[in-house]
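If you want the building blocks of each chain, they are given just below.
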Amino acid sequence: MSSKESFNQISPSEFFYRNRDLAGFSNPTRSLYTAVREFVENSLDACDHSGVLADVHMSIKAVDKDKPDPKQYILTVKDNGPGIESKHVPLAFGTVLYGSKFGLKQARGMFGLGATMAILYGQITTNRPVIVKSSTDGKIQDEYEMLLDIQKNKPVILKYEKKETKSAGLTVSICLDGDYSKAGSKIRDYVYQTSLITPYATITFDDPKGEKFRYTKIVRSMPPSPTIIRPHPHGIDVETIRRMLLDTHYQIPTVDDSMISKVRKELGLAKKNVDYSQIMKKVEKKWKTLTRPVRVVAAIMSFLKMDFDKLSKIRIEEVDVGNKKLIYWDFGESQSNSVDMDPESPYYKQLTNTVQGETLTSFLTKRFQRVGPTTAVKFVEYAKFKPEQRIGTMTNQELVKLSDALQTFDEFMSPDPSCLAPLGEEPLDKGIERFFEPDFHAVIQRGASAYSGFPFIIEMGIAYGGKISSGKINVFRFANRIPLLYDEGSDVVLKVVNETDWGRYKVKNDSPLVIVSHICSTRVPYKTVGKENVADRPEIERELRLALQFLSRKLSSFMSKKGQADMAKKRANLYSKYIPLIAQFSTELSGKKKEPNYKKMIKEPNVIEEKTE
Amino acid sequence: MKKKQSKKTTKEKQESLIDILKGYGVQAYNDLDKGEFPKFSIPNRSISNIIYDKKLRQYILGSNTSLRSAKNTAQLRSFTQLLWLAFFANKLTKEKKSSTLRDVYYSSQAFAIDFEDQQESDNIIVDLEAVLSRPREDFYVFPEERSSIFGDLTIEYTIPGYEGKKMNLSDHPDGYAIGPSLTSADLVDTSAELVIAIEKGGLFTRFIEEKVDKKFKSIIINTGGQAPRSTRTLLKRLHEELSLPVVILTDGDVYGEHIAMVIKSGSANAAHLRELTVPDAKWVGVWATDIDKYKLPTIPMTESDIKRCYDLQKDPRYQEGIWKKELEVFLKIKRKAELEAFSKYGLTNITDKYLPKKLEEAKSL
């Protein structure tokens, strides 16, 4: 907790500014590539969530064409997604750590953090504002020009305009230092591979040299979108559990002016000044319609016996359930006072419940997936807690104990995969067919599996021959529909591919072979912060291996058929080469004058070949 | 003076070979003409089909044969190569043009017969030998000459340009190389009563100098180590056509013993041929027992010598008589002696003392 406080002393923007290497903005080459990724992935995510088949248009233009790299580029990404409501635009693009969501489902980026980082990087290197154009309804478009106040972590709006438009969607444009001559091939690879794993999207890329890369959608239906689900107990750590507790166990709200006006509003007393007893009458009457914080404030008022005016002059210090005392600071008297709480009062229960939170078993069943009442009781026994213990009363040591027990208890059912969004066999298959135009291709989607409480699904495709070039086996790695382009060598997929004995499947090592691997998970176990290579978790490795074996067997049977066809062809070639020689030698050896009539024998193999096909 | 009706034999042999070869050509021609894939039956030369025939006293091929068919793509190439070789052998035999293994390899290139290396063409040559049951010398493929002959033997050439020309093999004191012309010549006349095959050129020269040919009424042949097949053919012809007994003198070691054995009963490598052995040939020395008997200077056997002894002990031909006994003595004393070892007692000791004694001994073998 203390480390968090020291973090808070600098703004998140400042923190990321100082640690931008971590987020992939270490140099102009890598930064340009990362910025492209962040914006494209945000666009694709936004379209996915709103069920729109994405049409993303990305362009990179040099500010001054004739300058040598690295130089300033303008990166613009435009999508046909839902756009962002006007009032959220400044915060979404002008602050770091805005709009974080803690729900658990598969998405490309986590919190939209990277986009802000890209904007920040652009501003640092070029001191130019970000331009955001957003339209949610396809009629009106809000256009913002903003800078980021790094120290205050606040947007500074330079220009704002409302314009008419014809289509909904979001356009973000930044100016940044980049090196396209070095990053270009990676960016093109990225666009190419992204469209392979997103066959329902159209992606266009105008590169600085004037080249246009356009990948139109191959399938017209989007894979079913994932649902947000509660976390699995195995995938939890102390920090997450602490946040969940804060979230559930309602804290005593700060009774400030805005809270008081909220209370007034809910009680229908916004304009009226009434005394304490009248307030409590209203409370009783309207109790059922009151929101939780208002109920808590009302309960406090019942013990304090104060009206709104008086309430605004004190600060609640502690609800001491043990001693049945309510302690507050009186600004007028500049001293701490306390009142006794009557345990018989109906408001007493409300207050203590709020302070202590719900019971452990109820917390477990309500807040986690795969935990029913029976499992919860079993678990509580295993973890050596009391079932009726209130979660609000837990000490830090108890939290650690709880978190450890959640991870080690092995009677939880495996995680719910409904939060995953695999691409699906058909779109993957079509993508592979269109991209590689192979002689043979096959795909498989494995059933859901889990590692450390995180569900995952492996999808894999294999393609052979056709337009694929020989040499080494080409492995395209994807995680949550993002291509992984760097650090190939240490990736678990590569490990599995390399450990495969291809000879067993009648495949030579230099065969024209492509393997497409897609890992979908709520948390992909990346090896490094760069998020480019997946660690070799045994559960994932096993699933990858099984998927590859399945596909290899299919390839193997194709190869045997191909082998037969090749043989027939080869046979025909051999016959037409050797039979005339046999004819020649036998004619000379037997002393005949004319060669035997062997022509029909050379044609025969073709007939055989047609039959086998 | 003995005289044999051998003129006919050589000619007949060649003609029958040409007929056989032609027969294969006709067979392949007719098959093709009928739209069928031609095939040859080839005796199987794998180890499992090599057996020792006690009656013939040599290794022979068993009854297993394999079919080489032009229909089978795995065999199509080698079938074509074999047919080409038959065609080429036919040509060589007709025109009486000698060639070597290497010549055959290069000649093939003129006919688009793609032998990958000489090893492959050599193999096909052995295949043809097996099909015909004839050594390649019969179809004019000869090894490099390294063995020679000396003695009172009159021959008559059959090769083109020398037909009818006669020659006595005691006219030149260095002896005569045993080459294609000599191997194919008719054996006309001899006064000799014995053939002495000797392993080494040095001793061959000594024997001529010491007039062993006259003293022992013999024809002397230098085998130059392991006797080439043309030399073995010649030895066989001398034995069969002129009824001359053959004795063999080698170094006193396990390799010498085996040189004698190969002349006598052939090698497993040539199990497909039956024209190469002289089953009545006698190994007269140097025996392991001679080493002690004649107090010969010796050198120790090497590990490979000893291993060779153990290997030969498994060979059915070494299960009896002097073959078995001498092998055991070699293993016991673990020493060996060369033919030159006799020089310790004077250069002519071997011809004056040792040879007469051994020839006497041979009569009782």
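Nothing here was measured: the structure is a model prediction, and the numbers come from that model.

What counts and how
Residues numbered from 1 in each chain as written. Chains lettered and ligands numbered in written order. Predicted model: local features only at pLDDT ≥ 70, side-chain atom pairs only at ≥ 80, totals over all residues. Helix = DSSP H or I, 4+ residues; strand = E, 2+ residues; numbered from the N terminus. Buried ≥ 20, exposed ≤ 12 C-beta atoms within 10 Å, placed from the backbone. Contact = placed C-beta atoms within 7 Å. Nonpolar A, V, L, I, M, F, W, Y, C, P; charged D, E, K, R; others polar. pLDDT = per-residue confidence, 0-100. Core = buried A, V, L, I, M, F, W, Y, C linked by C-beta atoms within 7 Å. Axes fitted to C-alpha atoms, helices over the stretch in contact; angles between N-to-C directions. Parallel < 35°, antiparallel > 145°, perpendicular 65-115°, else oblique. Left-handed = near helix turned anticlockwise from the far one by under 90°. Pairing = 2+ DSSP bridges. Arc of directions from axis to C-beta.

### Some details on the overall build of chain B
Within chain B, the regular secondary structure consists of 13 helices and 18 strands. Taking all 365 residues of chain B together, the buried fraction comes to 43%. Put simply, of all contacts in chain B between residues at least 6 apart along the chain, 73% involve residues at least 24 apart.

### Quick notes on the overall build of chain A
For chain A, the helix and strand inventory stands at 19 helices and 17 strands. Counting only residues that meet the buried cut, chain A has 39% of its 613 residues in that class. Relative to all contacts within chain A whose residues are 6 or more apart in sequence, the contacts with residues 24 or more apart total 73%.

### Concerning the interface of chain B and chain A
Taken together, the 22 residues of chain B in the interface contact 20 residues of chain A. Mapped onto the side of chain B that touches chain A, the elements with two or more residues apiece are α1 (7–33) and α2 (73–95) of chain B. Residue composition of the side of chain B that touches chain A, grouped by class: 14 nonpolar, 5 polar and 3 charged.

### Let's talk about the confidence of the model for chain B
Residues and elements named next belong to chain B. For chain B, mean pLDDT is 88; residues scoring 70 or higher make up 98% of the total. Every residue in residues 1–7 scores below 50 in pLDDT, and together they form 14 contacts with partners more than four places removed in sequence or on other chains. As a predicted assembly, this complex carries a pTM of 0.55 together with an ipTM value of 0.75.

### A closer look at helix α6 (residues 201–209) of chain B
Residues and elements named next belong to chain B. Among all positions of α6, only Leu 203, Phe 204, Arg 206, Phe 207 and Ile 208 are buried. Those residues of α6 hidden inside the fold are in contact with β8 (148–150), β13 (194–198), α7 (212–215), β14 (218–222) and α13 (349–363). Count one or two residues on from α6 and you reach Lys 211, which has phi positive near 55°.

### Concerning the nonpolar core
In terms of nonpolar packing, the biggest core is built from 60 residues, with Val195(B), Ala197(B), Ile220(B), Leu235(B), Val246(B), Ile248(B) and Ile263(B) touching the most fellow members. Broken down by element, this core gets its largest block of residues, 6 residues, from helix α9 (residues 254–265) of chain B. Discounting residues that sit within four places of it in the chain, Ile220(B) has contacts with Phe150(B), Gly151(B), Ile196(B), Ile198(B), Phe204(B), Phe207(B), Ile208(B), Val212(B) and Asp213(B). Grouped together as the second largest cluster of nonpolar side chains are 54 residues, Phe93(A), Ala115(A), Met117(A) and Ile218(A) included.

### What about the packing of helix α10 (residues 292–304) of chain A against helix α12 (residues 346–356) of chain A?
All names here are of chain A. Where α10 meets α12, the axes come as close as 9 Å, and the angle between the chain directions of the two elements is 125°. Between α10 and α12, the angle is such that the two are oblique. Once α10 is placed against α12, the crossing between them reads as left-handed. Each of Arg 295, Val 296, Ala 299, Ile 300, Ser 302 and Phe 303 in α10 lies in contact with α12, whose residues at this interface are Tyr 347, Gln 350, Leu 351 and Thr 354. Of the residues contributing to the contact of α10 with α12, the split by class is 6 nonpolar, 3 polar and 1 charged.

### Brief notes about the sheet that holds strand β3 (residues 130–135) of chain A
All names here are of chain A. Reading across from one edge, β5-β4-β3-β6-β2-β1-β7-β8 is the order of the 8 strands in this open sheet, with mixed pairing throughout. Looking along the sheet, the strands with just one partner apiece sit at the ends: β5 (154–164) and β8 (212–215). Taking the axes of each pair of neighbouring strands and ignoring which way they run, one obtains an average angle of 15° across the sheet. Pairing between strand β4 (residues 140–149) and β5: 10 bridges, direction antiparallel. Within the sheet, the bridge partner assigned to Leu 147 lies in β5 and is Val 156. The sheet strands contacting helix α3 (residues 28–49) are β1 (55–62), β2 (71–78) and β6 (169–178), and the helix crosses β6 at an angle near 175°. Against the sheet, helix α6 (residues 180–197) contacts β1, β2, β6, β7 (202–206) and β8, and its axis sits at roughly 165° relative to β7.

### Here's the deal with the sheet that holds strand β11 (residues 335–340) of chain A
Residue and element names in this part refer to chain A. One open sheet accounts for 3 strands, arranged β9-β10-β11; its pairing is antiparallel. The open sheet has two edge strands, β9 (314–320) and β11, and neither has a second partner. Shown here is a sheet whose adjacent strand axes are inclined to one another by a mean of 25°, direction ignored. Two elements, strand β10 (residues 325–330) and β11, share 6 bridges in a ladder whose sense is antiparallel. Note that in β11 the partner of Lys 325 across the bridge is Asp 340.

### Describing the environment of Pro316(B)
Structurally, Pro316(B) is set in the loop between α11 (303–313) and α12 (321–333). For the pair Pro316(B) and Arg57(B), spaced 259 residues apart in sequence, the C-alpha separation works out to 9.9 Å.

### Points about the pairing of β6(A)
Residue and element names in this part refer to chain A. In terms of burial, β6 is largely enclosed, as 8 of its 10 residues are buried. Here β2 pairs with β6 via 8 bridges, running antiparallel. Its bridge partner being in β6, Thr 76 is matched across the sheet by Ser 173. When β3 meets β6, the two strands line up antiparallel, connected through 5 bridges. Note that in β6 the partner of Ser 135 across the bridge is Gly 169.

### Describing helix α13 (residues 360–367) of chain A
Residues of α13(A) that are buried include every one of Leu360(A), Thr361(A), Phe363(A) and Leu364(A), and no others. All buried residues of α13(A) project into a common sector of 160° when viewed along the axis, lining one side.

### Thoughts on the environment of Glu275(B)
Residues and elements named next belong to chain B. Among the structural elements, Glu 275 can be located in the loop between α9 and β16 (282–285). Along the chain, Glu 275 and Arg 237 lie 38 residues apart, while their C-alpha atoms are 9.1 Å from each other. If we ignore the near neighbours within four places in the chain, the residues touching Glu 275 are Arg 134, Pro 135, Thr 233 and Lys 236.

### Re the confidence of the model for chain A
Note that predicted coordinates carrying low pLDDT should not be read in detail. All names here are of chain A. Mean pLDDT for chain A: 84, with 92% of residues reaching 70 or above. Within chain A, no element has a lower average pLDDT than helix α1 (residues 2–8), which sits at 44, and none a higher one than β7, at 96. pLDDT under 50 marks residues 1–8. Its contacts with residues more than four places away, or in other chains, come to 1 contact. Every residue in residues 605–613 scores below 50 in pLDDT, and together they form 13 contacts with partners more than four places removed in sequence or on other chains.

### Concerning the packing of helix α3 (residues 101–108) of chain B against helix α4 (residues 118–132) of chain B
Residues and elements named next belong to chain B. Contact geometry for α3 and α4: axes closest at 9 Å, N-to-C directions at 105°. Judged on the interaxial angle alone, α4 and α3 are roughly perpendicular. Within the contact between the two elements, α3 uses Leu 101, Arg 102, Val 104, Tyr 105 and Ser 108 and α4 uses Gln 118, Ser 121, Asp 122 and Ile 125. The class makeup of the residues in the contact of α3 with α4 is 4 nonpolar, 3 polar and 2 charged.

### With respect to the environment of His272(B)
Residue and element names in this part refer to chain B. Tracing the backbone through its elements, the reader meets His 272 in the loop between α9 and β16. For His 272, a count of 23 C-beta atoms within 10 Å gives the class buried. Spatially, the C-alpha atom of His 272 lies 5.1 Å from that of Ala 130, the residues being 142 residues apart in sequence. In this structure, His 272 is in contact with Pro 43, Arg 45, Leu 61, Glu 129, Ala 130 and Ser 133, ignoring residues within four places of it in sequence.

### Quick notes on unusual backbone geometry
Looking along the chain, the bond that leaves Asp69(A) and enters Pro70(A) is cis, with omega of -5°. Mapped onto the fold, Pro70(A) is located in the loop between β1 and β2. Here the residue pair Gly285(B) and Val286(B) is connected by a cis peptide bond, since its omega of 0° sits within 30 degrees of zero. For Val286(B), the position within the fold is in the loop between β16 and α10 (288–293). The phi dihedral of Arg370(A) is positive, around 65°, even though this residue is not glycine.

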